[in-house]
Amino acid sequence: MIFFRYQTFRFIWLAKPAGRYLHKDHQLWSPLTLADFEAINRCEKSLPKNFNFAGDVLDQWSQKEKTGERPANPALWWVNGKGDEVKWSFEELGFLSRKAANVLTNPCGLKRGDRVAVILPRIPEWWLVNVACMRTGLVFMPGTTQLRAKDILYRLQASKAKCIVASEEVVPAVESIISECPDLKSKLLVSPRSQSGWLSFQELFQ
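So, here is what we can say about the structure in this document. (Residues numbered from 1 in each chain as written. Predicted model: local features only at pLDDT ≥ 70, side-chain atom pairs only at ≥ 80, totals over all residues. Heavy atoms only, no water.)

**Topic: the packing of helix α4 (residues 90-105) against helix α5 (residues 124-136)**
Helices that pack against each other are described as a pair by the angle of their axes relative to one another and the distance between those axes. We apply this condition: Here an angle of 0 to 180 degrees is reported between the N-to-C directions of two axes, which are lines fitted to C-alpha atoms, with helices fitted over the stretch in contact. Numbering goes from the N terminus for both helices and strands, where a helix is a DSSP run of H or I of at least four residues and a strand is a run of E of at least two. Angle categories are assigned with fixed cut-offs, so that under 35 degrees is roughly parallel, over 145 is roughly antiparallel, 65 to 115 is roughly perpendicular, and the rest are oblique. A contact between two residues is defined here by any heavy atoms of the two lying within 4.5 Å. Polar here means any residue outside two lists: the nonpolar Ala, Val, Leu, Ile, Met, Phe, Trp, Tyr, Cys and Pro, and the charged Asp, Glu, Lys and Arg; Gly therefore counts as polar.
Where α4 contacts α5, the two axes come as close as 8 Å, and the packing angle between them is 70°. By the angle between their axes, α4 is roughly perpendicular relative to α5. Counting all contacts with α4, which are made through L93, G94, L96, S97, R98, A100, A101, L104 and T105, the residues of α5 involved are L128, V129, V131, A132, C133, R135 and T136. Of the residues in the contact of α4 with α5, the class split is 10 nonpolar, four polar and two charged.

**Quick notes on helix α3 (residues 53-67)**
Residues three or four positions apart in an α-helix share a direction because the helix packs 3.6 residues into each turn. The cut-off we apply is this: Each residue after the first adds 1.5 Å to the expected span of a helix. The bend at a residue is defined as the angle formed between two axes, one fitted to the seven residues ending at that residue and one fitted to the seven starting there. Accessibility here uses a 1.4 Å probe with only protein chains present; expressed as a share of the type maximum, an area under 20% marks a residue as buried, one over 50% as exposed, and anything in between as partly exposed. The term polar contact refers here to a pair of N or O atoms within 3.5 Å; inside protein, the definition further demands a hydrogen-donor-capable atom paired with an acceptor-capable atom, and it admits residues adjacent in sequence only when both atoms are side-chain atoms.
Spanning 15 residues, α3 covers 20 Å between terminal C-alpha atoms, matching the ideal 21 Å at 1.5 Å per step. At D59, α3 shows its maximal kink, close to 30°. Here α3 has its buried residues at A54, D56, V57, L58, D59, Q60, S62 and E65. Turning to α3, the residues buried within the fold contact α2 (34-41), β2 (85-89), α4 and α5. Its side-chain oxygen at 3.0 Å from the backbone nitrogen of A54, N52 defines the N-terminal cap of α3. Note on α3: the residue one or two positions beyond its end, G68, has a positive phi of about 85°.

What follows is the structure in structure tokens.
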């Protein structure tokens, strides 16, 4: 009971208005610092009204690496079973995720609040799309490549997803149910090969 009351009090305390001045586009006049986040975690500051992990955290780490305030560490270090390796710094992840965000908002025509179903294996593009969705205010909906057609259909219909980002092994399942998903406006394929009716992530990204 004591723990429950503590959690209730902590939730109320953290939910207090932040009192920060906002731009008309709902951006903070001054970005939060890492010290601000630590203070929020200690309940010494209230939560901000607006928060974007990509801009408020990842980009700050990138800036600190540039100025030498923070040692350079990989933001993403990916290795597959064949030994292929991808290593991105925070600056590189920021740059590449902005390019991915451009793909989602321009060719795919997505807007803030739209839902994006992402069915990809464990590849670096999964993280790019994830961070890109954070940047643009899109709702990221991850799914495993083991999903069957009926599972994908349920998710697309229930969420009214506007876009699906998928790898080529998922294409046959998606194509079999696509006629039953009127809200889906764009299909983005993450593969070196092209597919009729699908936008190529690699081509648009380049």
